[in-house]
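The lines below spell out each chain.
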Amino acid sequence: MKYAAKKLAALLATMLAVSFLAFAAFQVVAGDPATDRLGTEATPQRVAELRHEMGLDRPFLVQYGSWLGGFVTGDPGQSYSGGPVADLLSARLPVTLTLSLMAFALTLALALPLGLRSVRRGGRLEGAVNTVANQFLMALPPFFTGILLTWLFSILLHWFRHGAFPGFGADVGGSLWYLLFPAVALAIPRVAQTVRMLRSTVLAEMDKDYVRTAIARGNDRSGVLYRHVLKNSLVPVVTFLAQTMAEIVAGSIVVEQVFNLPGLGRLLLTSISGRDYPTVQAIVVILALWVVLANTAADLINRFIDPRLGGART
Amino acid sequence: MKQRILAGFLATLLCAALSGCGGGSSASGSTGGQSTGGNSPVPAADSITVGISQDLDESLDPHLTVSAGTREVMFNVFEGLVKPTPDGDLIDAVASHHEVSADGTVYTFTLREGVTFHNGAAVSVDDVVWSIERCADADEGKSPLVEAFSAIQSVKATDEKTVVITLNTAESEFLASLTTAILPKDYDAQATAPVGTGPFKFISRVAGDSIALERFDGYWGEKPALKNVTFKIFESGDAMVLALQSGALDLCAHLTPTQAAQLGDGFQVLNGTMNLVQALYLNNAVKPLDDLRVRQALCYAVDKQQVIDLAGDGTGKPLGSSMYPAFAKYFDDSVTDYYTQNLEKAKTLLAEAGYPNGFDLTITVPSNYQPHVDTAQVLVEQLKAVGVNAKIELVDWSTWVSRVYTDRNYQSTVVGVDASSMTGRAMLERFTSGYGKNFVNYANAEYDALFKQAQLVSGAGDDAELVNLYKQLQENLAANAANVYLQDLGDLVAVRAGLDGYRFYPIYVMDLSGVKAG
């Protein structure tokens, strides 16, 4: 109970800090929503009028307070570029959510078996090839992989039509199929990193005394691996996977541009360049919440795997 | 191991491919026969998708539109009493006929028979009067929505077919402002579900993603060949090119030469001009640019043709002042070569002005306009030759508008300046001293006097003299090196093979009413 309360407090404090920092960042950069909306029609007088209309002439803390008040009571306000922020988000959240979950599922589905396999079959040459391939794949930025995948699967093979994302409202199957390609682009470097992480953790664990003892007592290697070593190696891996979730979300911001997906990442970028504070604020808070939740989930899973973690804290 | 990884990947992809094909083909069924699996995607005969690089304004109400990108698209939906043609003329649209009184102050319009709005209602004189009065409204010290309408004294319907507009004083360019959209009077959803009289009607919009238009079968003029036009937003130019290649897009304007070169055989690339004046705009109020000799030195240091060739693949047209060739009547070609590159002269001028070793110059460039960034890079190299140490400062558009355009807190900048209407005034009034949009702080008494005279002449309806004065104004800007004038940028439009009929206009619009599968 105490643990849950503490977690919740930490979560709220994080969200508050993140939203405040995002708000403050806009005070530092040049440009504001009024001049952006008026564009080259801007004259100092019209800008001043519009700023007043939009409430931008109030002190910074008052603006932040009024935004926070609205957000907490479930109204993230009006976007400066069209309609309520809530509508903009609800149209885009499913895209980014699905993309991230797909990329995460792909990462898990590929990294865990590959990682274990690389531990069990530890030949020297294979190890070397593995390391090189691993380093290479890890270094592939998703936007570049995205362009390669598009070139191969869209332009050469016509498996999907780049730029023609149908949208979940129109065609769920077609949308999922389209999302698979950006998901692969996001997953590839993550798979490589997770394999390496898993391999090094398991190998380090295999060197420990209890493992040597267990094998010396006649247990077979793979039995020890699955029954004891894996369980003990999982804690850092789960923590690492929570980070992976965060990085996938960050990567999706770029990949959505490459695949022209109507997701949160693209909305975030256009909102930043349009100085659309309410929309940016809401997205930043959602993304932060996502990352914090992933970490909390990892924490809970780890406590389940290794009850000593929980015991130590309460 | 490596092979196993690869095999694993391929197997996964293959599974996904097999399971996904069902989804793909059902999608093609619902979008009207656009096959997804073919080798060379061919647009369905009457539906196309057009790529645009930014979302439209929040409000689609044409009277409230500020961005050029929104006007460009909505040109297909709205019409005024008159409308522009690709040749730069004005033809009657909602009106079938107009007459101007001998003294140039009374405009009489006869409405065209059988013009209806997209919602089916016939256009009445009340709608016309309301639309014009709305844009002329100057209550509470507001500036009217259409600046030129401040000249209007009254708008009256004299019978069911006739509208009479009376001006305070004659204004020879007034007709061009009547391209202002005619809207239904009692309709309050214009911002979200716009209704006009143009060849296409608005169907739907997904903010940040797309806008769908459909042929208006009740259009008074020649009906478009295309039935459906979808505008899809691609903020990333590279993603736009990929989408053209994949078949998701059929037409895109404003491509860079590099992007156009990637397209290959499936496309026809049309070469027009952007209809703007690209220049190294100089803040005439800051040192050392407040010295005429320094500005002239910069003009002599620059080789326009090289800029055009290196930054735009030779697609632009050189300019010498603030007017571009599409203004056929006013454009003064004789000032284009007012300065030709002459490094010795440039150095002498700099030395005379007290800068024998050159000076440091910051060029502020909006980073989202690649042609301007490329141009600035060429300029930096050219200016080096006369000892001017130029440095590029990249800023995003919002910062540019606020810092450079509104606050005028900059040294020099590379951008393109265009005209909001087909009037010489729209290009030249900007440089009168004290004018709100004079972002280069140009202050020249002779220029102000010439412009004032031009307005008087325009009022008297003396067109020949007006042309003469507008040419003198262009020469004044060139002689005083108000800015380092460069070019009217090339506009590359990619059209999928099999489509034709795309036409360029002298203003920034994208007319799809003539496009058809050929």
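Reading the values: rules and limits
Residues numbered from 1 in each chain as written. Chains lettered and ligands numbered in written order. Predicted model: local features only at pLDDT ≥ 70, side-chain atom pairs only at ≥ 80, totals over all residues. Heavy atoms only, no water. Helix = DSSP H or I, 4+ residues; strand = E, 2+ residues; numbered from the N terminus. Rg over C-alpha atoms; globule rule 2.2 N^0.38 Å. Buried < 20%, exposed > 50% of the residue type's maximum accessible area, 1.4 Å probe, protein only. Contact = heavy atoms within 4.5 Å. Areas by Shrake-Rupley, 256 points an atom, 1.4 Å probe, with all protein chains shown as cover. Pairing = 2+ DSSP bridges. Right-handed = clockwise from strand over helix to strand, strands pointing away. Salt bridge = Lys/Arg side-chain N within 4 Å of Asp/Glu carboxyl O. Axes fitted to C-alpha atoms, helices over the stretch in contact; angles between N-to-C directions. Left-handed = near helix turned anticlockwise from the far one by under 90°. Nonpolar A, V, L, I, M, F, W, Y, C, P; charged D, E, K, R; others polar. pLDDT = per-residue confidence, 0-100.

**So, the overall build of chain B**
Here comes step 1: Scanning chain B from terminus to terminus reveals 13 helices and 21 strands.
Here comes step 2: Its C-alpha radius of gyration of 26 Å places chain B within 12% of the 24 Å reference for a compact globule of 518 residues.
Here comes step 3: Projected onto its principal axes, the C-alpha positions of chain B cover 80 × 75 × 40 Å.
Here comes step 4: Counting only residues that meet the buried cut, chain B has 55% of its 518 residues in that class.
Here comes step 5: Long-range contacts, defined here as pairs at least 24 residues apart, represent 68% of the contacts in chain B between residues at least 6 apart.
Here comes step 6: Roughly 20,800 Å² of accessible area belongs to chain B as shown, and the carbon and sulfur atoms make up 50% of that amount.

**Brief notes about the pairing of strand 15 (residues 360-366) of chain B**
All names here are of chain B.
Here comes step 1: For strand 15, a buried count of five out of seven residues is recorded, marking the element as mostly surrounded by other parts of the structure.
Here comes step 2: Alignment of strand 15 against strand 16 (residues 389-395), held across seven bridges, turns out to be parallel. Bridge pairing in strand 16 links Thr362 to Lys391.
Here comes step 3: Traced from strand 15 through helix 9 (residues 370-384) to strand 16, the parallel crossover comes out right-handed.
Here comes step 4: Bridge count for strand 15 against strand 17 (residues 412-417) is two bridges, and the pairing is parallel. When the bridges of strand 17 are listed, Ile363 appears paired with Ser412.

**Some words on the pattern of salt bridges**
Close approach of charged atoms lets side chains of opposite charge pair.
Residue and element names in this part refer to chain B.
Here comes step 1: For the coordinates displayed, the defined rule picks out 21 salt bridges over all chains.
Here comes step 2: A salt bridge links Asp61 to Arg134; the nearest nitrogen and oxygen atoms lie 2.7 Å apart. Of the two residues, Asp61 is situated in the loop between strand 1 (47-52) and helix 2 (68-74) and Arg134 in helix 3 (residues 125-136); the sequence distance between them amounts to 73 residues.
Here comes step 3: On the accessibility criterion, Arg134 (24% relative accessible area) is partly exposed.
Here comes step 4: Among the charged side chains, a salt-bridge network with shared partners connects Glu171, Arg425 and Glu429.

**Focus on the sheet that holds strand 17 of chain B**
All names here are of chain B.
Here comes step 1: With mixed pairing, six strands are arranged side by side in an open sheet as 14-18-13-17-15-16. Two strands close off the open sheet at either side, each with one partner strand: strand 14 (317-318) and strand 16.
Here comes step 2: Two elements, strand 13 (residues 277-282) and strand 18 (residues 483-488), share four bridges in a ladder whose sense is antiparallel. Looking at the pairing, Ala279 lines up with Tyr485 of strand 18.
Here comes step 3: Where helix 10 (residues 397-406) meets the sheet, it contacts strand 15, strand 16 and strand 17, and its direction lies at approximately 120 degrees from that of strand 16.

**Focus: the packing of helix 5 (residues 85-120) of chain A against helix 10 (residues 221-258) of chain A**
Residue and element names in this part refer to chain A.
Here comes step 1: Between helix 5 and helix 10, the least distance of the axes is 9 Å, while the angle of their chain directions is 145 degrees. The way helix 5 lies across helix 10 gives a crossing that is right-handed. Together, Thr96, Leu99, Ser100, Leu101, Ala103, Phe104, Thr107, Leu108, Leu116, Val119 and Arg120 of helix 5 and Ser222, Leu225, Tyr226, Leu230, Leu241, Thr244, Met245, Ile248, Val249, Ser252 and Glu256 of helix 10 make up the contact between the two elements.
Here comes step 2: Per-class residue counts for the contact of helix 5 with helix 10 are 14 nonpolar, six polar and two charged.

**Points about the sheet that holds strand 5 (residues 106-111) of chain B**
Sheets are built from strands paired through backbone hydrogen bonds, the pairs being either parallel or antiparallel.
All names here are of chain B.
Here comes step 1: Strands sit in the order 4-5-7-6 across an open sheet of four strands; the sheet is antiparallel. Single-partner strands in this sheet number two, and they are strand 4 (95-100) and strand 6 (152-159). Each strand of the sheet is rotated relative to its neighbour by a mean of 20 degrees, with strand direction disregarded.
Here comes step 2: Of the strand pairs in this sheet, strand 6 and strand 7 (residues 162-167) are connected by six bridges, and their pairing is antiparallel.

**Some remarks on the confidence of the model for chain B**
All names here are of chain B.
Here comes step 1: With 90% of its residues at a pLDDT of 70 or more, chain B shows a mean pLDDT of 86.
Here comes step 2: Here residues 1-41 scores under 50 on pLDDT; set against residues more than four positions off or in separate chains, the count is 47 contacts.
Here comes step 3: Overall fold confidence for the complex sits at a pTM of 0.81, while the interface term, ipTM, reaches 0.78.

**A short note on the environment of Thr65(B)**
Residues and elements named next belong to chain B.
Here comes step 1: Along the chain, Thr65 falls in the loop between strand 1 and helix 2.
Here comes step 2: Judged by its relative accessible area of 10%, Thr65 is buried.
Here comes step 3: Spatially, the C-alpha atoms of Thr65 and Leu145 are 9.6 Å apart, while their sequence positions differ by 80 residues.
Here comes step 4: Leaving out residues up to four positions away in the same chain, Thr65 has contacts with Asp57, Ser59, Leu60, Thr70 and Arg71.

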